[in-house]
Amino acid sequence: MTSCRSGPARARRRGSRPHGHDERRRVRETLTHLATVLPRFSSPIARLLALQCALRADGHGQVHLPGGLLRAMRLGGHAMPWQELEHAGWLRYLPTDANKRQGGVEAQLLGADALTPSPGRTGRARAAHWALHPAPLTVARAAPPAIQLTALVLAAHTAADTGRADAENLTRLCGLSQAQLDDLFDQLLRANVLEAWNCDGDAGEVHWKPRPEHQREP
């Protein structure tokens, strides 16, 4: 494994089961599934879009993303991530007059591998909502997609006030190189989203500590 630079070391502390545990687990499972079916270097914005599609699709693989959601994700009017997922053979974009008027989008996920393995539309909808505000690692809505995706992946692997994950797995889930991921960790430190992070090269793991919400800069 490629070694990674480390930020300030952090002490491990155990905490109680956090709020949103089920949503976090479902998002983590879906991100892992997407990492196996999307091209290795799919863009961060395409991965964020694919996650919302996978979690919001019905039992037939059909998904409708309303205009308000797309605007919140800063995707309103942007065709590139849809085209990227179409080119990968993961979904088919379904333009309709109603969608054009309201700014929404409909799509059909393609093949059995496009669907997440976990059932339950209500639970998946809650997970999709949590993924838009992945406490305790929420970032500004205007943050670049790579920052948003990295924060989401880390939040999905955070229990209580600490997080840890295999370094190679993080690069796979984010579709980034180790050097790119190191830089994003440092950016999250500077943005006061993370309090500390470090890489255990011997174990091949990255550890991090979210910054408490009340200590973050607005």
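Above this text sits the structure in question.
Since the model is a prediction, treat every value here as computed from it, not as a measurement.

The rules we used
- Residues numbered from 1 in each chain as written.
- Predicted model: local features only at pLDDT ≥ 70, side-chain atom pairs only at ≥ 80, totals over all residues.
- Heavy atoms only, no water.
- Pairing = 2+ DSSP bridges.
- Helix = DSSP H or I, 4+ residues; strand = E, 2+ residues; numbered from the N terminus.
- Axes fitted to C-alpha atoms, helices over the stretch in contact; angles between N-to-C directions.
- Contact = heavy atoms within 4.5 Å.
- Phe/Tyr/Trp six-rings, centres within 6.5 Å; stacked < 30°, edge-to-face > 60°.
- Buried < 20%, exposed > 50% of the residue type's maximum accessible area, 1.4 Å probe, protein only.
- Lys NZ or Arg CZ within 6 Å of the ring centre and 35° of its normal.
- Polar contact = N/O pair within 3.5 Å; in protein donor to acceptor, adjacent residues only side chain to side chain.

A separate point is the sheet that holds strand 2 (residues 91-94). Here we have three strands laid out as an open sheet, ordered 1-3-2, and antiparallel in their pairing. A single partner strand is all that each edge strand has here, and the edge strands are strand 1 (62-65) and strand 2. Mean inter-strand twist for the sheet, computed between neighbouring axes without regard to direction, equals 25°. Examined bridge by bridge, strand 1 and strand 3 (residues 105-109) share four bridges and lie antiparallel to one another. Paired with H64 across the strands is E106, a residue of strand 3. Against the sheet, helix 2 (residues 44-56) engages strand 1, strand 2 and strand 3, with an angle of about 120° to strand 1.

Glancing now at the packing of aromatic side chains. Enumeration over the complete set of coordinates arrives at three aromatic pairs. The interplanar angle of 50° and the centroid separation of 6.2 Å between the aromatic rings of F185 and W208 together place this pair among those described as tilted. Here the residue F185 occupies a position in helix 9 (residues 178-190), and W208 occupies one in strand 7 (residues 205-210), the gap between them amounting to 23 residues. Taking the relative accessible area as the measure of exposure, W208 reaches 0% and is therefore buried. Among the aromatic residues, those joined into a cluster by ring pairs are F185, W197 and W208. Positioned above the aromatic ring of F41 is the side chain of R40, whose terminal nitrogen or guanidinium carbon lies 4.6 Å from the ring centre.

This part is about the side chain of E205. In this structure, E205 sits in strand 7. In terms of polar contacts, E205 uses its side chain to reach the side chain of R164, at 2.6 Å. Once residues lying within four places of it in the same chain are set aside, the contact partners of E205 are R164, A165, D166, A167, N198, C199 and D200.

Keep in mind that these numbers describe shape and distance, not what the molecule does.
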